[in-house]
There are 2 protein chains.
Amino acid sequence: MSKFWSDLVQQLNPYIPGEQPKIDGLIKLNTNENPYPPSAKVYEAISRANNIKLALYPDPDATELKESIANYYKVKIDQIFVGNGSDEVLAHIFLALLKKESPLLLPDISYSFYSVYCSLYQINYKIIPLDNKFRINPIDYKVNNGAIIFPNPNAPTGILLSLNTIEEILTNNLSSVVVVDEAYIDFGGKTSICLINKYPNLLVVQTFSKSRSLAGLRVGFAIGNKQLISALEIVKNSFNSYPMNRLSMPAAIAAIKDEKYFQQTNTAIIKTRAELTKFLTNNDFSVISSMANFVFAKHKSIKAKTIANKLREQKIIVRYFDKPRINKYLRISIGTEKQNSLLCNSLKKILAE
Amino acid sequence: MSKFWSDLVQQLNPYIPGEQPKIDGLIKLNTNENPYPPSAKVYEAISRANNIKLALYPDPDATELKESIANYYKVKIDQIFVGNGSDEVLAHIFLALLKKESPLLLPDISYSFYSVYCSLYQINYKIIPLDNKFRINPIDYKVNNGAIIFPNPNAPTGILLSLNTIEEILTNNLSSVVVVDEAYIDFGGKTSICLINKYPNLLVVQTFSKSRSLAGLRVGFAIGNKQLISALEIVKNSFNSYPMNRLSMPAAIAAIKDEKYFQQTNTAIIKTRAELTKFLTNNDFSVISSMANFVFAKHKSIKAKTIANKLREQKIIVRYFDKPRINKYLRISIGTEKQNSLLCNSLKKILAE
């Protein structure tokens with residue numbers, strides 16, 4: 001605390017991301033990164049950096065990147081906003097579209113950055129509890145609100161909503177922006193992007209950090225009605241003209257063009273998720289059915305924190321949240337097949353103790 | 001405008017950056033980029049990307065990059081904040097440190113993004129006119145204020161303040177944060193970083209975009225008392241945990257380590273600036289003595305806008321600001337020696353018409 005700080009800073013409680021360990025050799029199953037490297041075409045694009053004029057500012061409008069995304073999702077370029085990771089995209093969304101007189105609605109168990117953005121931008125929000133099976137119930141969102149945000153699949157539960165359910169929420173709230181945060185949609189869900197022309201209040205957020213294996217390069221985007229997108233452009237251009245750099249953009253373009261590799265790695269992750277779910281279920285865990293690249297599971301008797309600490313001793317990191325309702329659960333990111341075997345072996349040892 | 005926008009968005013007038021032309025072959029003297037490419041060591045660092053785990057999130061604390069900067073400027077790591085270009089660093093500074101009850105003071109002729117940040121964060125500010133020779137006069141900043149910001153050298157004038165003058169402003173305002181935006185300091189100025197331990201109210205902002213030839217990779221930083229830095233970290237961690245990516249960071253580290261190349265390119269730019277200043281002075285321009293990588297000049301009779309348009313026809317872009325007090329001036333970034341000859345030849349033709 002210091003007299004030089006603004007009043008706002010004195011009130012903020014920042015988001016705390018999962019650990020990025022500085023030592024090598026750990027099996028990192030704590031921040032839902034992709035266990036597979038990005039497409040070889042990404043590295044090829046970067047290796048052409050010698051021809052990239054790094055001394056010049058990047059395209060402030062990120063046109064080529066937007067074109068690639070537009071082409072992939074069959075939308076128009078003015079329906080796309082890109083940012084320095086989906087966290088930056090979300091930050092701009094909160095300020096541009098979710099700060100309203102009536103409260104923003106968000107689930108109690110969800111991406112915990114949401115309430116941090118609300119503090120940052122002094123947004124009035126109301127927490128809607130998930131039901132007793134950790135599900136989002138559309139009827140709970142049929143109350144006075146200025147806007148709505150939730151992840152689909154939800155995090156850290158991994159539970160997917162169907163497009164019908166999303167449409168129900170959209171239809172019940174035609175005067176509110178509804179943000180569907182699809183960071184994990186590619187691991188078995190169906191994206192709501194197909195609904196943007198039908199619902200001008202729908203904004204879909206996605207990222208290259210998970211299914212495209214590019215967390216290290218920070219590329220996220222939002223897709224929706226061009227009116228929503230232009231609000232985001234106004235905020236972005238009042239914050240940083242050039243958030244996207246001259247290496248991340250060609251890398252992301254290369255990633256989105258390599259559909260074959262994308263399908264291959266996603267398929268592998270989905271297969272490993274099924275194997276891990278089976279293993280956990282057979283070993284006295286209850287596992288929530290996940291459509292993300294992680295599972296959320298609790299053991300019938302051993303404390304989650306104990307398991308997390310013992311795994312850490314065996315050089316495997318998973319995420320544990322010391323929060324009401326979910327402090328009995330571990331969130332375990334899906335690794336490679338090999339990492340998954342090592343995880344299962346370690347768990348077997350811990351459970352046998 | 002849309003009912004979905006927040007009230008704030010409806011009021012914003014974003015910053016408009018200089019054109020980034022999408023056609024090749026133009027001589028780009030409009031956005032103060034470095035005409036020389038970054039150090040070969042930067043490209044070497046990027047070529048090692050095959051060993052960089054792009055699927056993993058970057059270090060949220062950017063520790064290695066901060067260590068390189070700390071080492072270069074002989075400061076402590078907790079006296080450094082880094083961001084996705086100095087525009088992002090500035091944005092966080094405005095929210096964390098410049099939003100106070102009393103107004104923020106800033107010069108009328110200055111980096112025009114400052115007032116945009118004030119709108120974005122609803123900061124009360126007061127504009128202090130430069131004197132009739134476009135100089136910042138310390139006595140004008142000896143008035144009630146919550147904080148102060150100015151560039152040194154100033155932009156778009158290029159006029160440098162001495163460290164004595166900076167100290168006068170700091171001493172007169174010990175209860176206010178004073179931000180010295182040193183984007184152009186390396187082209188002949190002396191940085192205020194040596195004053196941070198003496199003045200806990202001083203925050204210095206720099207960038208890799210100008211003297212380090214890395215505008216394309218978006219790396220900026222601030223140096224000051226650790227209390228100021230921790231306010232920035234709180235805002236950053238409430239906005240985006242990972243603003244710095246896994247390629248920009250090693251590239252910036254390679255750039256700051258190549259002191260020889262840095263000195264070589266800066267010396268070349270300073271030499272070319274002297275040549276251009278001489279040419280302009282000999283050809284009926286009045287030129288403000290610049291310590292930046294641009295000059296600010298007006299012709300005795302031909303309109304600045306006319307000259308800018310005619311240069312554009314000859315594939316040379318310079319910057320013209322249609323703003324009070326400065327609409328007779330051109331801001332011309334310093335190019336390579338060859339670009340400078342082509343510029344001078346084009347100007348000769350235009351003036352002879």
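Calculation notes
- All residue numbers refer to positions counted from 1 along the written sequence of the respective chain.
- Chain A is the first chain written and ligand 1 is the first ligand written, with later ones labelled in order.
- Two thresholds apply to this predicted model, a pLDDT of at least 70 for residue-level local features and 80 or more for giving and counting side-chain atom pairs, whereas whole-chain, interface and lining totals are computed over all residues.
- Side-chain numbers here rest on the full set of heavy atoms in the structure, without hydrogens or water.
- To qualify as a helix, a DSSP run of H or I must reach at least 4 residues; to qualify as a strand, a run of E must reach at least 2; elements of each kind are numbered from the N terminus.
- We compute the radius of gyration from the C-alpha atoms alone; for a globule the expected value is 2.2 Å times N to the 0.38, where N is the number of residues.
- Exposure is judged per residue with a 1.4 Å probe applied to protein chains only, and the accessible area is read against the type maximum: over 50% gives exposed, under 20% gives buried, and values in between give partly exposed.
- Pairs of residues are marked as contacts when any of their non-hydrogen atoms sit within 4.5 Å.
- The accessible surface values rely on the Shrake-Rupley method and a 1.4 Å probe; as for residues, cover is taken only from the protein chains in view.
- For the purpose of charge, His is not counted, nor are the chain termini; Lys and Arg are scored as positive and Asp and Glu as negative.
- Working definition for charges: the position is that of NZ of Lys, CZ of Arg, CG of Asp or CD of Glu.
- How far a helix is expected to stretch is found by multiplying one less than its residue total by 1.5 Å.
- Paired strands, in this sense, are two strands between which DSSP finds at least two bridges.
- Axis lines are fitted to C-alpha atoms, over the contacting stretch for helices. Their N-to-C directions set the angle, which ranges from 0 to 180 degrees.
- A residue counts toward the fit only if its pLDDT is at least 70 in both copies, and the copies are then superposed by least squares on the C-alpha atoms of those residues.
- By definition, the buried area sums, over both parts, the 1.4 Å-probe accessible area that each loses when the two are put together.
- A pair is scored as a salt bridge if a Lys or Arg side-chain nitrogen falls within 4 Å of a carboxyl oxygen belonging to Asp or Glu.
- Pairing of N or O atoms within 3.5 Å defines a polar contact, subject to two protein rules: one partner must be a possible hydrogen donor and the other a possible acceptor, and residues neighboring in sequence count only if both atoms are side-chain atoms.
- For this analysis, a ring pair means two rings from Phe, Tyr or Trp (six-membered ring only for Trp) whose centres lie within 6.5 Å, classed as stacked if their planes differ by under 30 degrees, edge-to-face if by over 60, and tilted for the remaining angles.
- By the criterion adopted, a ring carries a charge over it if an Arg CZ or a Lys NZ lies within 6 Å of its centre and within 35 degrees of its normal.
- Roughly parallel refers to an angle under 35 degrees, roughly antiparallel to one over 145, roughly perpendicular to one between 65 and 115, and oblique to any angle outside these ranges.
- The crossing is said to be left-handed when, going from far helix to near helix, the turn is anticlockwise and less than a right angle, and right-handed when the turn is clockwise.
- Gly is placed with the polar residues, together with every amino acid not listed as nonpolar (Ala, Val, Leu, Ile, Met, Phe, Trp, Tyr, Cys and Pro) or charged (Asp, Glu, Lys and Arg).
- What counts as a domain boundary in this text is fixed by an automatic or database domain assignment.
- The term nonpolar core refers to a set of buried residues drawn from Ala, Val, Leu, Ile, Met, Phe, Trp, Tyr and Cys, joined through side-chain atoms within 4.5 Å.

J.: Describe the overall build of chain A, and please don't skip the residues or the numbers.
T.: Across its full length, chain A carries 11 helices and 12 strands. Taking 2.2 N^0.38 as the reference for a compact globule, 353 residues should give roughly 20 Å; the C-alpha atoms of chain A span a radius of gyration of 20 Å, in line with that estimate. For chain A, the C-alpha atoms occupy an extent of roughly 60 × 55 × 50 Å along the three principal directions. For chain A, with 353 residues in total, the buried portion stands at 63%. Long-range contacts, defined as pairs at least 24 residues apart, comprise 72% of the intrachain contacts of chain A with a sequence gap of at least 6. Element-wise, carbon and sulfur atoms account for 50% of the exposed surface of chain A, whose accessible area totals about 13700 Å². A distance of 4 Å separates the average location of the 43 positive side-chain charges in chain A from that of its 30 negative side-chain charges.

J.: Hey, could you go over helix α9 (residues 259–282) of chain B for me, with residue numbers and the actual values?
T.: All names here are of chain B. Along its 24 residues, α9 runs 35 Å from first to last C-alpha, staying within 8% of the 34 Å computed at 1.5 Å per residue. By the burial criterion, the buried members of α9 are Y261, F262, T265, N266, I269, T272, R273, L276, F279 and L280. In the core, the buried residues of α9 are packed alongside α3 (63–73), β9 (285–287), β10 (294–299), β12 (330–333) and α11 (337–352).

J.: Go over the sheet that holds strand β4 (residues 125–128) of chain B, please, and point to the residues and values.
T.: Residues and elements named next belong to chain B. With mixed pairing, the seven strands of this open sheet are ordered in space as β2-β8-β7-β6-β5-β3-β4. Two strands bound the open sheet, and with one partner strand each, they are β2 (80–83) and β4. Across this sheet, the average inter-strand angle for adjacent strands is 20°, counted without regard to direction. As judged from the five bridges shared by strand β7 (residues 202–207) and strand β8 (residues 220–224), these two strands associate in the antiparallel manner. Looking at β8, one finds that Q206 is bridged to F221.

J.: Please provide a residue-by-residue account of the sheet that holds strand β9 (residues 285–287) of chain A, values included.
T.: Residues and elements named next belong to chain A. The mixed open sheet is built from five strands, whose spatial order is β1-β11-β12-β10-β9. Bordering the open sheet on either side are β1 (27–29) and β9, each of which pairs with just one other strand. Ignoring strand direction, the axes of neighbouring strands in this sheet form an average angle of 35°. Sheet analysis places strand β11 (residues 316–320) next to strand β12 (residues 330–333), joined by two bridges and oriented antiparallel. Counted as the bridge partner of R319 is R331 from β12. Packing against the sheet, helix α9 (residues 259–282) makes contact with β9, β10 (294–299) and β12, and its axis sits at approximately 0° to β10. Strands β1, β9, β10, β11 and β12 of the sheet are contacted by helix α11 (residues 337–352), whose axis makes an angle of about 85° with β1.

J.: How would you explain the relation of the copies chain A and chain B if you had to name every residue and give the values?
T.: Note on the identical chains: chain A maps onto chain B by a rotation of 180° and an axial translation of 0.0 Å, with an RMSD of 0.0 Å. The symmetry that links the two subunits is that of a two-fold axis. Measuring from the rotation axis to each C-alpha of chain A, the shortest distance belongs to S47 of chain A, at 3.0 Å. A high fraction, 100%, of the interface residues of chain A reappear at the interface in chain B, so the copies pair face to face through one surface.

J.: Requested: an account of the interface of chain A and chain B, with residues and values cited.
T.: With 84 residues of chain A at the contact, the number on the chain B side is 84 residues. Three residues stand out in chain A for area buried against chain B, namely F4, Y57 and F239 of chain A, and they jointly supply 13% of the buried area on that side. If you look at where chain A meets chain B, you find zero salt bridges. Between chain A and chain B we count 36 residue pairs in polar contact (both at pLDDT 80 or more) in total. The element best represented in the side of chain A that touches chain B is helix α4 (residues 86–98) of chain A, accounting for seven residues.

J.: Tell me about the packing of aromatic side chains, and please be specific about residues and values.
T.: Two aromatic rings are characterised by how far apart their centres lie and by the angle between their planes. This model, assessed by the stated rule, comprises 33 aromatic pairs over all chains. Ring geometry for F94 of chain B against Y117 of chain B: centres 4.9 Å apart, planes inclined by 40°, an arrangement best described as tilted. With F94 of chain B in helix α4 (residues 86–98) and Y117 of chain B in helix α5 (residues 113–120), this residue pair connects regions lying 23 residues apart in the sequence. Owing to a relative accessible area of 0%, Y117 of chain B belongs among the buried residues under this scheme. Each member of the aromatic cluster is reached from another via a ring pair, and the members are Y15, F94, Y111, F113, Y114 and Y117 of chain A. When the ring centre of F294 of chain A is taken as origin, the NZ or CZ atom of R331 of chain A, which lies over that ring, is 5.7 Å away. The ring of Y72 of chain B carries the charged tip of R212 of chain B above its face, separated from the ring centre by 4.8 Å.

J.: Go over the packing of helix α10 (residues 304–313) of chain B against α11 of chain B, please, and point to the residues and values.
T.: Residues and elements named next belong to chain B. Close contact between α10 and α11 brings their axes to 10 Å; oriented N to C, the two are set at 120°. The angle between the axes of α10 and α11 places the two elements in the oblique class. The way α10 lies across α11 gives a crossing that is right-handed. Within the contact between the two elements, α10 uses I307, K310 and L311 and α11 uses L343, S346, L347 and I350. Residue composition of the contact of α10 with α11, by class: five nonpolar, one polar and one charged.

J.: Which residues make up the domain arrangement of chain A, and what values go with them?
T.: Residue and element names in this part refer to chain A. According to the domain assignment, chain A contains domain 1 (7–37 + 259–352) and domain 2 (51–257). On a C-alpha basis, the centroid separation for the pair domain 1 and domain 2 is 24 Å. Across the boundary between the two partners, domain 1 contributes 33 residues, which contact 35 residues of domain 2. Between domain 1 and domain 2 lies a buried interface of about 2600 Å² when both sides are counted; carbon and sulfur atoms form 60% of it. Together, Y15, M291 and R325 form the three largest contributors to the area buried by domain 1 at its contact with domain 2, with a combined 27%. At the junction of domain 1 with domain 2, the criterion picks out one salt bridge. The salt bridge partner of R325 is D108, with a shortest N-O separation of 2.7 Å. Taken together, the links from domain 1 to domain 2 amount to 14 residue pairs in polar contact (both at pLDDT 80 or more). Residue assignment for the side of domain 1 that touches domain 2 shows that the elements contributing at least two residues are α1 (7–11), α9 and β10. If one sorts the elements of the side of domain 1 that touches domain 2 by residue count, α9 sits on top with seven residues. Residues belonging to the side of domain 1 that touches domain 2 are distributed by class as follows: 17 nonpolar, 10 polar and six charged.

J.: Could you give an account of α3 of chain B, naming the residues involved and the relevant values?
T.: Of all the residues in α3 of chain B, the buried ones are T63, L65, K66, S68, I69, A70 and Y73 of chain B. Residues of α3 of chain B that are buried sit in contact with β2, β7, β8, α7 (226–237) and α8 (248–257) of chain B.

J.: So, the nonpolar core: which residues are in play, and what are the values?
T.: The biggest cluster of nonpolar side chains holds 114 residues, and the ones touching the most others in it are L65 and I69 of chain A together with L65, I69 and F208 of chain B. If sequence neighbours within four positions are ignored, L65 of chain A has contacts with V82, V219, M244, M249, A252 and I253 of chain A. Counting 81 residues, the second largest nonpolar core, distinct from the first, contains V116 of chain A together with L97, L120 and L203 of chain B.

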